[in-house]
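Reading the structure
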Amino acid sequence: MKKIIVLISGGGSNLEAIAKACQTGNIPASIELVISNQSNVKGLERAKKFHLMSKVIEHQDFNSREEFDQALLEHILPIEPDLVVLAGFMRILSNHFTDALEGKLINIHPSLLPEYPGLNTHKQAIENGDLMHGISVHYVNNKLDGGPIIAQGALKIDPVESEAKLISRVHKIEHAVYPKVIADIAKGFISLQDDEVKFETESHFGPNHMEFFNV
Ligand code: GRF
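Residues numbered from 1 in each chain as written. Predicted model: local features only at pLDDT ≥ 70, side-chain atom pairs only at ≥ 80, totals over all residues. Heavy atoms only, no water.

Before going further, it helps to examine the packing of helix H1 (residues 13–23) against helix H6 (residues 163–186). Contact pair H1 / H6: the axes reach a minimum separation of 9 Å and the direction vectors enclose 45 degrees. With respect to each other, H1 and H6 are oriented oblique. Read as a crossing pair, H1 and H6 show a hand that is right-handed. Residues Ser-13, Asn-14, Ala-17, Ile-18 and Ala-21 of H1 touch H6, and the partners they reach there are His-171, Glu-174, His-175, Tyr-178, Pro-179 and Ile-182. (Axes fitted to C-alpha atoms, helices over the stretch in contact; angles between N-to-C directions. Helix = DSSP H or I, 4+ residues; strand = E, 2+ residues; numbered from the N terminus. Parallel < 35°, antiparallel > 145°, perpendicular 65-115°, else oblique. Left-handed = near helix turned anticlockwise from the far one by under 90°. Contact = heavy atoms within 4.5 Å.)

Written as structure tokens, this is what we have:
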């Protein structure tokens, strides 16, 4: 059984989608630990609901990004996880952290990367009058939202929809794609080799995979 650690900062709806997929066996792995850098967030309640072990490590308690990241690593590395999943984890990670977990660290970002790295992606897509928006799942390296892309999911923006509506549609895509990618990684169908994503033929995904969702 593969071991996963999930890092969150907030709502944890992606955590829930991943936990459900582990529970049903769609992801052949167990979530060994959930770490949140915020206390009192809904994601921690969700962890409890799924009987997952969780730990709050608040970044404000540390003097520097490096010290915070070191504390994270001290909780992560002894577990020897196969995969560390960033699921709405809103901290920029230091190179020391990303190097220590190279090839084992993935993120989901709410935009069609390389469009809109960083924050407020939905707002930017609406304000720019984009026709399409979506999500990207990628391996994490030391470029912010810039690691090798594993899979993308897209939707058509309705020109009159609110940002809140768009966010909720994007979430639906995230909950469909992220568990599927994690399942394929756990099965050994997707891996990172020489800074490139390698897809075995059994994978649901492949190079430049972009799925369109009617959500
Ligand atoms: C998601 O939209 C994810 O792409 C972004 O943060 C959000 C987290 O949502 N990185 P949740 O906490 O999983 O509900």
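Under the defined criterion, the tally for this structure stands at 6 salt bridges. The salt bridge involving Arg-46 is made with Glu-16; its shortest N-O contact spans 2.7 Å. Of this pair, Arg-46 sits in helix H2 (residues 42–49) while Glu-16 is found in helix H1, placing the two residues 30 residues apart along the sequence. Across the salt bridge formed by Lys-49 and Glu-16, the nearest N and O atoms sit 3.1 Å from each other. Placement of the pair is Lys-49 in helix H2 and Glu-16 in helix H1, with a sequence separation of 33 residues. Of the residues examined, Glu-16 reaches a relative accessible area of 11% and is grouped as buried. (Salt bridge = Lys/Arg side-chain N within 4 Å of Asp/Glu carboxyl O. Buried < 20%, exposed > 50% of the residue type's maximum accessible area, 1.4 Å probe, protein only.)

Everything listed is a geometric property; what it means functionally is a separate question.
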